[in-house]
Each structure stands twice: as structure tokens, then as C-alpha cells.
Amino acid sequence: MNIQNFINGKYINPINDNWINNYNPSNGEIYGQTPNSSKEDLENAYISANSAFKQWSQTTLEDRSRILIKISELLEANLQRFAEAESKDNGKPISLAKSVDIPRAASNFRFFGNAITQFASESHESVGQQAINYTLRQPIGVVGCISPWNLPLYLFTWKIAPAIAAGNCIVAKPSEITPMTAFLLGEICNEAGLPKGVLNIVHGLGNTTGQAIIEHPNIKAISFTGGTETGAHIAKVAAPMFKKLSLELGGKNPNIIFADCDYDNMLETTVRSSFANQGQICLCGSRIFVEKNIYKKFKSDFVEKVKQLKVGHPSKEDTNIGALVSKPHLEKVMSYINVAKKEDGTILCGGNKVTVKNYENGYYLEPTVIEVKTDECRINQEEIFGPVVTIMPFNTEDDVLEMANKVKYGLSATLWTNNLKRTMRMSNQLQAGIVWVNTWMLRDLRTPFGGIKASGVGREGGFEALRFFTEAKNVCIKY
Ligand code: TXE
């Protein structure tokens, strides 16, 4: 099936007729073509967005809200179709696409459809000076949204829903590796009555289409989720044009387990936080630190549970681990398993490719647990972004805090303990944008979401996202 760009409410082919292959990770086969859009396509998308801006920015909040909520309802009504498309395009288990990806995409629209009706700004009376100041939060204009392949529609809509809600028009690019659900979204937006040109979707490679978005002088803000290196590149290109930037980048998150935790809950959640979505979530707890007195028990219980995970075809309801997203990504993850061997890591389970019957060319990998001797080894420092976790014991709270913080990333951290004072001490000191205590991936869309250090700049979520997608203007009236 061929994917097309969505510009001014219409599906169209790329001008230069340049296409890239779209692979099905579950069997390694090409199942369609995606545009590799050029600067000219991007310019058309920009023109369309820019022409829609005046009217959309003046559309009442009630009308914007109604349309966003309608998109949400239509996504829910099309859950099965979207989940199947996501699973096929990305390799993730259909059960996950049905329970997480698509419902969350629908929630993103519903949430921001409601949030915009509650978004308020401040006023300051300058007492004694006979003046009043009030703040306008005005939409920026045309903004660029660039999203990755791991949670395709989930992250795509996490950006475009607040951007639209705030009154902007968009040029958006999903990952070229997983373009399908963003492609399908266009027709839903038309059906929901989103005016033409408010959302324009151009497909293509990062260094062609993506690059054209970030270089465009009149796209005034870029919201990006993806790799840290790409984020650094975008920052470099965008800075001289003074674009507003929100960058959600990689992570290498610690999962810290104390002996006083609720063990069964911790064990079950740790399997999920390690391997959900084949470990391809920036929030996965890929470095597991366990208090010494329960280390031996944890190691054997955890490995036993991981061995029970079923690697299989994504369309099977009982599959726990589907296919990795692409062949190059599978090779990258495998290369880290080789690094582990060289670094004296002990592979406790996994480490090998899996051949799934009838799908021999799919990108399957066993969930892999590696015991490391030091937290400073490469596999404990670099983002692998696959079904691979490291485990090691720790002695004291200070030791584990130091190890947890000694990476370049700072996205999330998970802490398992029932000690309140320790919870407070550690959550204050962990270098991360999000700390989960006795849970993982519990999300409330009102909360600020983002990372520190090499995990990015800016926060998404709730009013933070609406602030990002608006410019604050102070008006001072002397009376
Ligand atoms: O991401 P890229 P990749 C991490 C993970 C992974 C690594 C690389 O470690 O192994 O990043 O993955 C677009 N101008 N994460 O290479 O390239 C690209 O087309 C503008 C973490 O797939 O960063 C895609 O739409 N755009 C992450 C998007 O950027 C450009 C999720 C992300 O792709 C561009 C995914 C350019 N010059 C990977 N180059 C997370 N934080 O969740 C690329 N893009």
C-alpha cells in the first residue's frame, strides 16, 4: 500500500516521485512505499498551513475543542484498524497497540480538546502606578512536529493535539520507518471537520524531509522526539533562526530496587518496564540496581520470568515480545550484546535472534538480561533501546544514587521502596525529569513530561505543552 502526503486536506504523491520502501518487521518484507518528500513538497505543506492559520487561530475554543474530541472519538471507533496498522508497521504486539498506542492517541486529542478550554493567562495590577498588565498567550503560527518510530501515533498525536488546540497550524513528519498510522490519521481529521491546512503531513527521510522542516525560516517552533544526536543537530540548525524548541531525547533509566519493596508487584512491573514494546520506549528501566541482600533472589526470579515471555508474531494475541522495528535497529541492538560479551558481562538469559516459524526473516530477538560488574561499562552507559537490560547489586543508598546519576541522560527513574524518608531523599536527588515510585509508566497527561541533561530540553504535557505552542505577550495599560 502506498502512503501519500496529506497537504491542504488532500492526499497527494511527492512532487519528484521519490519513494522509499516501507518494511514489515514481522517478516522483513517490503509492503509499501512512502514518499521521500523534497523541499518543494515541504514548501507546499508550509503554504497550506500558513494560509489556514488566520482562520484557525481565530476559531473559538469551543469549536477547536469539539473537533479535537471528535478526532478522538473517531480514533476510538477505528481502534482495530489503527491497531492492526500500527502493529504491522512497527512490529509491536497487537495487544499493546490495542491497549496502549491507539487508546493513548485518542486520549491525547481528548485531553488537549478539554485542556484548551481551561487554559488561562495571568494579569498583574501595577498597584500605585495606575496600570494593569495582562498576558496574552497567542499561537505561534506554523509549527513543525517530528516524531519517532517507537510509539508512532502515540507520540505523533502527543505533539499535534496541543499544537492544534493552541491555534497553530502544523507541518508534521512521522518517522519514515513507521509512517502508516499518521497517514491514516488524515482521513479521520477530515471526517472530524478539521479545516483544510491546519494539519499537513509530509513523509520522508530525516535528512531530506526532516531537514527541510528544521531549515524552514518561517516554521517558528519545532517539537521533536527522537535520538539525542538528532536532537543536537536540530538544535544547531534551529538556534541561529531563534526557533522555539522542545526536544524529547533518549534515556538510560535506572530502576532501583530496595529490599523493603512490595516484591511481587516490583517483579511483575520490572519485567514490563524492561521489555514492553521490545524495550523500545525511552522510559524503559534499562539499568536495574538491586539491594545486595535480595540480589540473588531477584536475579533468579527475574530471569525465570523473563524466560517465560513469548517472542512471536505481532498479530498473535498471546505474543509478549514482537519484532524489533527494523533490520538496522536489530543489528544495532545485537552489536551491544557483543559489546557486553567483550566487556565481561554475563548473559543470564537471551542474547540470540529468534526464528519465528513462517516469519523467518522477521527481526526477532530474545529478551536479554546481562549481569554487569561495573556501572561504567558501555552497555550500562549507552542507550541500547531494545529488549536488553543490565542488572547489578548495590550496597548503600549513596552508592546507588551515584551510579543512577552517573550517565549522560536524565529522563526517568524508578524507585522501589516502602521507606518514606528514603523515597523523599532519593526522589529529590535523582537526576531525571520523571521519578516513579513503586510503579512505572503511570501517566497523568496533566503532568510535565521531559528530561534533563542529554535527555532533552523543554517539557510536554498539560499546560506545559500549551505554553510551548504559544507566545506570551504582555499588554500594559495605563489608566
Ligand atoms: O532516531 P532519529 P533513529 C533513540 C534510540 C535509537 C536512536 C536512533 O536510541 O536507537 O535514537 O533512532 C527525524 N532533521 N531513539 O535514528 O533519527 C527522523 O526522520 C529533522 C529514542 O530512528 O532521531 C524521525 O522522524 N528530522 C527516541 C525522527 O527524527 C530528522 C525514539 C527520529 O529519528 C533528522 C526513537 C534531521 N536531520 C529513537 N534526522 C525516544 N526519545 O523515544 C532524523 N530526523
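Definitions and limits used
- The numbering scheme is per chain: residues are counted from 1 as the chain's sequence reads.
- Given that the model is predicted, a residue must reach a pLDDT of at least 70 before its local features are reported, and side-chain atom pairs must reach 80 or more before they are shown or counted; all residues, however, enter totals for whole chains, interfaces and linings.
- The side-chain values count all of the structure's non-hydrogen atoms but skip hydrogen atoms and water molecules.
- Pairing between strands is defined by DSSP: at least two bridges between them are needed.
- Secondary structure counts use DSSP, requiring at least four H or I residues in a row for a helix and at least two E residues in a row for a strand, with both numbered from the N terminus.
- Residues are counted as near a molecule or strand when any one of their heavy atoms sits within 4 Å of it.
- For this analysis, a polar contact is any N or O atom pair within 3.5 Å, provided that within protein one partner can donate a hydrogen and the other can accept it, and provided that sequence-adjacent residues contribute only side-chain to side-chain pairs.
- In short, Shrake-Rupley with a 1.4 Å probe defines the accessible areas, and a residue's cover is counted only from the protein chains shown.
- We place a 1 Å grid over just the protein atoms. Points where a 1.4 Å probe fits but has no way out form a cavity, open points with protein on both sides within 12 Å along at least 5 of 7 lines form a pocket, and any residue with an atom within 4 Å of a point lines it.
- If over half the atoms of a molecule are within 2 Å of the grid points of a cavity or pocket, the molecule is regarded as sitting in it.
- Grid points are joined across faces, edges and corners, and a volume is the space filled by probe spheres set on the points.
- Remark: exposure states derive from per-residue accessible area (1.4 Å probe, protein chains only) relative to the maximum for the residue type, with buried under 20%, exposed over 50%, and partly exposed in between.
- A helix is expected to span 1.5 Å for every residue after the first.
- Two residues form a contact once any of their heavy atoms are found within 4.5 Å.

**Remarks on the pairing of strand S3 (residues 19-24)**
Thought 1: Where S3 and strand S4 (residues 29-35) come together, six bridges link them in antiparallel fashion. Each residue of the ladder has a partner; that of Asn24, found in S4, is Glu29.
Thought 2: Linkage of S3 to S4, two consecutive antiparallel strands, is achieved through a turn of four residues, within which Gly28 is found at a positive phi near 75°.

**Structural notes on the site of the ligand**
Thought 1: The environment of the ligand is made up of 27 residues, and the closest members are Trp149, Glu176, Thr230, Lys332 and Glu383.
Thought 2: With respect to the ligand, the backbone of Leu249 contributes an N or O atom lying 2.8 Å from a nitrogen atom.
Thought 3: For the ligand, an oxygen atom lies 2.6 Å from a polar atom in the side chain of Lys332.
Thought 4: Surface burial for the ligand is 86%, taken as the share of its 820 Å² of free accessible area covered by protein chains.
Thought 5: Among the cavities detected, the one that contains the ligand is the largest pocket.
Thought 6: Listed by contribution, the elements that provide at least two residues to the shell around the ligand are helix H7 (206-215), strand S10 (221-225), helix H8 (228-238) and helix H11 (327-342).
Thought 7: Sort the elements by how many residues they give to the shell around the ligand and H7 lands first, with four residues.

**Focus: empty space enclosed by the protein**
Thought 1: Counted by the stated rule, this structure contains six cavities of 30 Å³ or more.
Thought 2: By volume, the largest cavity is sized at about 100 Å³.
Thought 3: For the largest cavity, the lining is made up of 13 residues, of which Gly251, Gly279, Ser286, Glu383 and Phe385 are closest to its centre.
Thought 4: Taken as a whole, the second largest cavity encloses approximately 80 Å³ of empty space.
Thought 5: If you go around the second largest cavity, the residues you meet are Arg104, Leu151, Tyr154, Leu155, Trp158, Ile281, Cys282, Leu283, Arg443 and Phe449.
Thought 6: Take the lining of the second largest cavity: its biggest share by element is three residues, from helix H5 (residues 152-165).

**Overview of unusual backbone geometry**
Thought 1: Notably, Gln130 is not glycine yet its phi reads approximately 50°, a positive angle.
Thought 2: Here Gln130 shows up in the loop between strand S5 (123-126) and strand S6 (131-139).
Thought 3: Residue classification places Gln130 among the partly exposed positions, given a relative accessible area of 42%.

**Overview of the pairing of strand S7 (residues 142-146)**
Thought 1: The buried fraction of S7 amounts to five of the five residues, a majority that puts the element mostly inside the structure.
Thought 2: Burial of the side chains of S7 extends over both faces: Val142, Gly144 and Ile146 are buried on one face and Val143 and Cys145 on the other.
Thought 3: Relative to strand S8 (residues 169-173), S7 is paired through five bridges, and the arrangement is parallel. Residue pairing across strands places Val142 opposite Cys169, the latter belonging to S8.

**Here we look at helix H9 (residues 263-275)**
Helical geometry: 3.6 residues make up each α-helical turn, so side chains three or four residues apart lie on a common side.
Thought 1: For H9, which comprises 13 residues, the first-to-last C-alpha distance of 18 Å matches the rise-based estimate of 18 Å (1.5 Å per residue) to within 8%.
Thought 2: Listed as buried for H9 are Tyr263, Met266, Leu267, Thr269, Thr270, Val271, Ser273, Ser274 and Phe275.
Thought 3: Where H9 is buried, its residues contact strand S12 (254-257), strand S13 (287-291), helix H10 (292-308), strand S15 (368-371), strand S16 (388-394) and strand S18 (412-416).
Thought 4: Immediately downstream of H9, the backbone of Asn277 shows phi near 55°, a positive value.

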